[in-house]
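Each chain is listed here by its residues.
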There are 2 protein chains.
Amino acid sequence: MLLRWCLFAPSPTTEAAMSFHKLDDLGRKLEALEHALAILGADEATHMAVGGGEKRAKAMAALAGMYHTRATAPEIPDWIAAAEGEELDDEQRAALAELRRQYTNLTCLPVEFVERQTTARMRCEQLWRALRAKNDWAGFQPALEGVVALVRDEAALRSDVLGLAPYDALMEQYDPGNRTADITPVFADLKAFLKGFMPEALAIQEARLRKHPLKPLSGTYAIDRQRELGLAMMAAVGFDLTHGSLSVSHHPFCGGVPSDVRITTRYKTSDFLSALMGVLHETGHALYEQNLPKAWAHWPLGKARGMAVHESQSLFVEKQIGRNPAFWRWALPVVEKHLGEAWSLDDILPHVHRVERGLIRVDADEVTYPLHVILRYELEQELVSGSLEVADLPEAWDARMRDYLGLSTIDNPADGPMQDVHWPGAAFGYFPSYTLGAMMAAQQWAALTRERPSADEDLAKGNFEAINGWRREKIWSQGSRWSTPDLLERATGEKLNAKHFVNHLRQRYGG
Amino acid sequence: MLLRWCLFAPSPTTEAAMSFHKLDDLGRKLEALEHALAILGADEATHMAVGGGEKRAKAMAALAGMYHTRATAPEIPDWIAAAEGEELDDEQRAALAELRRQYTNLTCLPVEFVERQTTARMRCEQLWRALRAKNDWAGFQPALEGVVALVRDEAALRSDVLGLAPYDALMEQYDPGNRTADITPVFADLKAFLKGFMPEALAIQEARLRKHPLKPLSGTYAIDRQRELGLAMMAAVGFDLTHGSLSVSHHPFCGGVPSDVRITTRYKTSDFLSALMGVLHETGHALYEQNLPKAWAHWPLGKARGMAVHESQSLFVEKQIGRNPAFWRWALPVVEKHLGEAWSLDDILPHVHRVERGLIRVDADEVTYPLHVILRYELEQELVSGSLEVADLPEAWDARMRDYLGLSTIDNPADGPMQDVHWPGAAFGYFPSYTLGAMMAAQQWAALTRERPSADEDLAKGNFEAINGWRREKIWSQGSRWSTPDLLERATGEKLNAKHFVNHLRQRYGG
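Procedures and definitions
Residues numbered from 1 in each chain as written. Chains lettered and ligands numbered in written order. Predicted model: local features only at pLDDT ≥ 70, side-chain atom pairs only at ≥ 80, totals over all residues. Heavy atoms only, no water. Helix = DSSP H or I, 4+ residues; strand = E, 2+ residues; numbered from the N terminus. Rg over C-alpha atoms; globule rule 2.2 N^0.38 Å. Buried < 20%, exposed > 50% of the residue type's maximum accessible area, 1.4 Å probe, protein only. Contact = heavy atoms within 4.5 Å. Areas by Shrake-Rupley, 256 points an atom, 1.4 Å probe, with all protein chains shown as cover. Lys, Arg positive; Asp, Glu negative; His and termini not counted. Charge placed at Lys NZ, Arg CZ, Asp CG, Glu CD. pLDDT = per-residue confidence, 0-100. Pairing = 2+ DSSP bridges. Phe/Tyr/Trp six-rings, centres within 6.5 Å; stacked < 30°, edge-to-face > 60°. Lys NZ or Arg CZ within 6 Å of the ring centre and 35° of its normal. Axes fitted to C-alpha atoms, helices over the stretch in contact; angles between N-to-C directions. Parallel < 35°, antiparallel > 145°, perpendicular 65-115°, else oblique. Left-handed = near helix turned anticlockwise from the far one by under 90°. Nonpolar A, V, L, I, M, F, W, Y, C, P; charged D, E, K, R; others polar. Polar contact = N/O pair within 3.5 Å; in protein donor to acceptor, adjacent residues only side chain to side chain. UniProt positions renumbered as here; feature names shortened; annotations may be inferred. Buried area = accessible area lost by both parts, 1.4 Å probe. Salt bridge = Lys/Arg side-chain N within 4 Å of Asp/Glu carboxyl O. Least-squares fit on C-alpha atoms with pLDDT ≥ 70 in both.

With respect to the overall build of chain A
A tally of helices and strands in chain A yields 20 helices and 3 strands. At 24 Å, chain A has a C-alpha radius of gyration in line with the 24 Å of a compact globule built from 511 residues. Taken along its principal axes, the extent of the C-alpha atoms in chain A is 75 × 50 × 50 Å. Split into buried and exposed, the 511 residues of chain A put 58% on the buried side. Restricting the contact set of chain A to residue pairs at least 6 apart, pairs at least 24 apart contribute 72%. Accessible surface, chain A: about 20,400 Å² in total, of which carbon and sulfur atoms supply 53%. Put simply, chain A has 56 plus and 69 minus side-chain charges, and the middle of one group is 3 Å from the middle of the other.

Right, here's the structure in full:
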């Protein structure tokens, strides 16, 4: 029930920067709508009553429509152009540039096209949910064909406006500056390495397990104790519990707003590592959000840079920190304190470093995961260019799966090209972010340890502040000031280089 | 992070009812903003991180501003006028009338005035919070004088637009149709009765406690068990747990939206009754919200009628049902099942029916509570009319407090005219709702039991459906179709009549 409305006077504007101030005010209104959408989204997955979904969906669609209408208002380009002639400082100029970029990306598709695509995408996602369970590729194929046809159109439309190659224009939504010309050779190096290294890592693992058999996770780990352990780890790693919280949801996520970051996990009483590693991963996302520049929060400039950078931050905490043996020297007593179970480093690390060939990307470890991504990166470029048709996807998927991972999905499309929601959801150009994130995390760790050779000792002492200080300066405080490749180069002193990730895998999983 | 925006085509409109459809679409947008504000408000009190408040306040103020701008758009009266000439059914005509009423109430104060008042109100509320703790009337008085001066102006402005007497024009915001000409004589009857009855009820209580000493609440009632007990009671009484939930907050409330009603309580491990009675009270509010007409949800017509009616629904569940001895015949085994403690009816009822003179309204029982309200109703009319000045309030309060309750507050303004947030918050005309609600609940119970003499037996069996069926038909399904007095008269067959509440008190607390 809403009985009173507060009215506020418009912010004062100076003649000197009137257009910039209009954009600034607009940013504050958009931030309020984003705040509502972010909290409503997190609430839906954590606290909403089961019957509240229909009204929630309608409310969020209407709020998203209001956001879109305001963010794409036709007068915005004029305001931007006028503001470019005003007296502004460097940050304001950077804010303007990022505003222009956002406006272009939000308006490069005609409304009529977005409506058709939304309909096709929603229908395909619904079919995917129903038919994946039945392993029914034949029923799913026509819907995916419809989505792919529209994605080809979308790529062409974006390409025209942005002056980029079609697939690059799709990637540009997720990480500005990411280009196949830069990524493809790096992925090629990585793929060549992994095809040889994966069997080697598996053989090494097998030999080790023969000598030192796996100690199973055999306790019953009470959920409230696992939760306390998760909170203790979050706080230690740097999560600000006065600006965020940990809840339970079916699929773990990091949501909310920078002033109130909502991360979630799910618990199995038979396995504390699964929830804990998930908490560390989401804590990585949360640290980025919590440490974005507050003064820029209402501008696109103040947002996290993109999906690959975000994934680099979550993987930095999960893989570079959370699966580092030095970290476990500090973490094992914490685990023992909360769960009452003592583990030795030799017993826990085989769990934390488990490598396994599998069909499912989201279950993959850090050695095999990139092959899942590279397979999708290659196939989706062919789908977008038209050199591969959806009808031929199961065979193409199976051929690469056998080549890269030695597994076949030919009779099992549910675990082949039907396994992810991304393609039914028309999110082409997104998949590379995962492995780019893993590579960037390794490259950041390498850069950090060049400057601070004692980083491993820091971890072993549970001292995360020096590491976080480097990340705050190089990544978090930069918001969206630089393109994704420029941000990486400024932070690490070099362009994306597979060498660091390869060295990381060799060191952790090699002989 | 928001990467994708759904765009929706405008709803199709027919030439026949174009203006009505515009208003219908507007209603859906306003409903989305209300949804966001309601969930953000509930979330703030239950799940928000402590550091999230500043951004939350800004986001909610901006969303409230968007709501106000849309709900008061200057073209709305033209749309309403045009729609009145369109072919509409009865419900649509009722929706139009209520839209017009809401528009008038939202626009009858100039924006400039609302801004001044908001500033004065917020300053006075902040001072109140700081100075109440110090019992500092002298520091508080000037701020309250400022608020009262503006409330007098507000009453005059509303009076001009609505053609009502100034205080009636203030009450009209909270319960349309409530008039001092109807309420004052009823309150006068009630006051006369209570001044004699209260000492009588206290004497009877004392005599009973001499014969049968109070069995104290002496257990340690674990919070999770109290919560399960609360949920069991909510569900039994009719709360739909697929469209709502129970959480913890510092001040209990009922919030959220009809499809997802959020109620809260707070627990004391030394006393299960305090949380339980609170849960029953909020469940009463929730039943009203959950059972409002869904087809009208996006119109003012589909909202709960007003504050007195809402309070009648919460008090119906708390007092008419939840403090009824018949209810406790059913409830005691439920309490025993959840808390493992057996209570006899003779032991529990003295707690449930405890009467006590006190200074504080929110702690008062159903016998003394109306005297607290009538005191405020009388004083605030004098403050609005100008026959009483703020400087004279402590004496005026004390005089009536001694007269009605035999207690003095002359040296204790913190527990006198500084005890409530309503006046610093400029909410004059609100207080009568509480006692009107209590009287209306008793009148509804009387009407219901005339039709269904077995209602007590229903309670004793834990059968709430017949009682809820009556309430659904008479109150809940009616939304805002009738004014508050008309709704009561249609439901109970007569105008507001103190007799029913008096009979209720006599029966429960008399000799």
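Let's talk about unusual backbone geometry
Across the chain, the bulk of peptide bonds are trans and the bulk of non-glycine residues have phi less than zero. A positive phi angle is found at Asn135 of chain A, which is not glycine, with a value near 55°. By the element assignment, Asn135 of chain A lies in the loop between helix H5 (111-132) and helix H6 (137-162). Located in the positive-phi region is Ala426 of chain B, a residue other than glycine, with phi close to 65°. Along the polypeptide, Ala426 of chain B turns up in the loop between helix H15 (393-405) and helix H16 (432-451).

Quick word on the confidence of the model for chain A
Residue and element names in this part refer to chain A. In the predicted model, chain A carries a mean pLDDT of 95, and the fraction of residues at 70 or more is 97%. Low confidence marks residues 1-13, where pLDDT is under 50. Its contacts with residues over four positions away, or in another chain, come to 30 contacts. The complex model carries a pTM of 0.93, and its ipTM stands at 0.91.

Side note on the pairing of strand S1 (residues 244-248) of chain A
All names here are of chain A. Where burial is concerned, most of S1 is hidden: 4 out of the 5 residues are buried. Judged from the 5 bridges that link them, S1 and strand S3 (residues 260-265) form a sheet pairing that is parallel. Bridging across to S3, Leu246 finds its partner in Ile263.

Some words on the packing of aromatic side chains
Scanning the entire structure with this criterion turns up 38 aromatic pairs over all chains. Their ring planes at 85° and their centres at 5.6 Å tell us that Phe327 of chain B and Trp328 of chain B sit as a pair that is edge-to-face. Side by side, Phe327 of chain B and Trp328 of chain B carry an identical accessibility label, which is buried. Pairwise contacts between aromatic rings join Tyr174, Tyr369, Trp397, Trp423, Phe428, Tyr430, Phe431 and Tyr434 of chain A into one cluster. Lying over the aromatic face of Trp482 of chain A, Arg490 of chain A brings its terminal NZ or CZ to 3.7 Å of the ring centre. Directly above the ring of Tyr434 of chain B sits Arg361 of chain B, whose terminal nitrogen or CZ lies 4.7 Å from the centroid.

Considerations on the packing of helix H11 (residues 307-321) of chain B against H16 of chain B
Residues and elements named next belong to chain B. It is the contact of H11 with H16, at a shortest axis distance of 7 Å, that shows an interaxial angle of 60°. Taken together, H11 and H16 sit at an angle that is classed as oblique. The chirality of how H11 crosses H16 is right-handed. Here Met307, Ala308, Val309, Glu311, Ser312, Gln313, Leu315, Phe316 and Gln320 of H11 come into contact with H16, specifically with Ser433, Tyr434, Leu436, Gly437, Ala438, Met440, Ala441, Ala442, Gln444, Trp445 and Leu448. Taken together, the residues that form the contact of H11 with H16 break down as 13 nonpolar, 6 polar and 1 charged.

A short note on the side chain of Gln443 of chain B
Residue and element names in this part refer to chain B. Tracing the chain through its elements places Gln443 in helix H16. According to the relative accessible area criterion, Gln443 is buried, its value standing at 0%. There is a polar contact of 3.1 Å between the side chain of Gln443 and the side chain of Thr492.

Observations concerning the sheet that holds S1 of chain A
Residue and element names in this part refer to chain A. The mixed open sheet is built from 3 strands, whose spatial order is S1-S3-S2. The sheet terminates laterally at S1 and strand S2 (254-257), the two strands that pair on one side only. Strand-to-strand twist in this sheet, taken as the mean axis angle between neighbours without regard to direction, amounts to 25°. Examined bridge by bridge, S2 and S3 share 4 bridges and lie antiparallel to one another. From the neighbouring strand, Gly256 faces S3, where its bridge partner is Val261. Against the sheet, helix H1 (residues 18-46) engages S1, S2 and S3, with an angle of about 140° to S2.

Topic: the UniProt feature "active site" (unreviewed entry) in chain A
Residue and element names in this part refer to chain A. In this numbering, the UniProt entry assigns the feature "active site" (unreviewed entry) to Glu282. Within the fold, Glu282 resides in helix H10 (residues 272-290). Sequence-distant contacts of Glu282, that is, excluding residues within four places in its chain, are made with Pro252, Phe253, Cys254, Ile263 and Thr264.

Considering the side chain of Thr409 of chain A
Residues and elements named next belong to chain A. Structurally, the position occupied by Thr409 is in the loop between helix H15 (393-405) and helix H16 (432-451). Taking relative accessible area as the criterion, Thr409 reaches 2% and is therefore assigned buried. Every residue in contact with Thr409, bar those within four places of it in the chain, is listed here: Leu359, Trp397, Asp398, Met401, Asp415 and Gly416.

A few points about the interface of chain B and chain A
Counting from both sides, the interface comprises 60 residues of chain B and, opposite them, 60 residues of chain A. Counting each side, the surface lost to burial between chain B and chain A is near 5,300 Å², with a carbon and sulfur contribution of 67%. Across the chain B-chain A interface, the total number found is 6 salt bridges. Asp43 of chain A is paired through a salt bridge with Arg262 of chain B; the nearest N and O atoms lie 2.7 Å apart.

Some remarks on the relation of the copies chain B and chain A
Note on the identical chains: chain B maps onto chain A by a rotation of 180° and an axial translation of 0.1 Å, with an RMSD of 0.0 Å. Such a turn and shift between the copies fits a two-fold axis. When each C-alpha of chain B is compared by its distance to the rotation axis, Ala36 of chain B comes out closest, at 3.0 Å. A high fraction, 100%, of the interface residues of chain B reappear at the interface in chain A, so the copies pair face to face through one surface.

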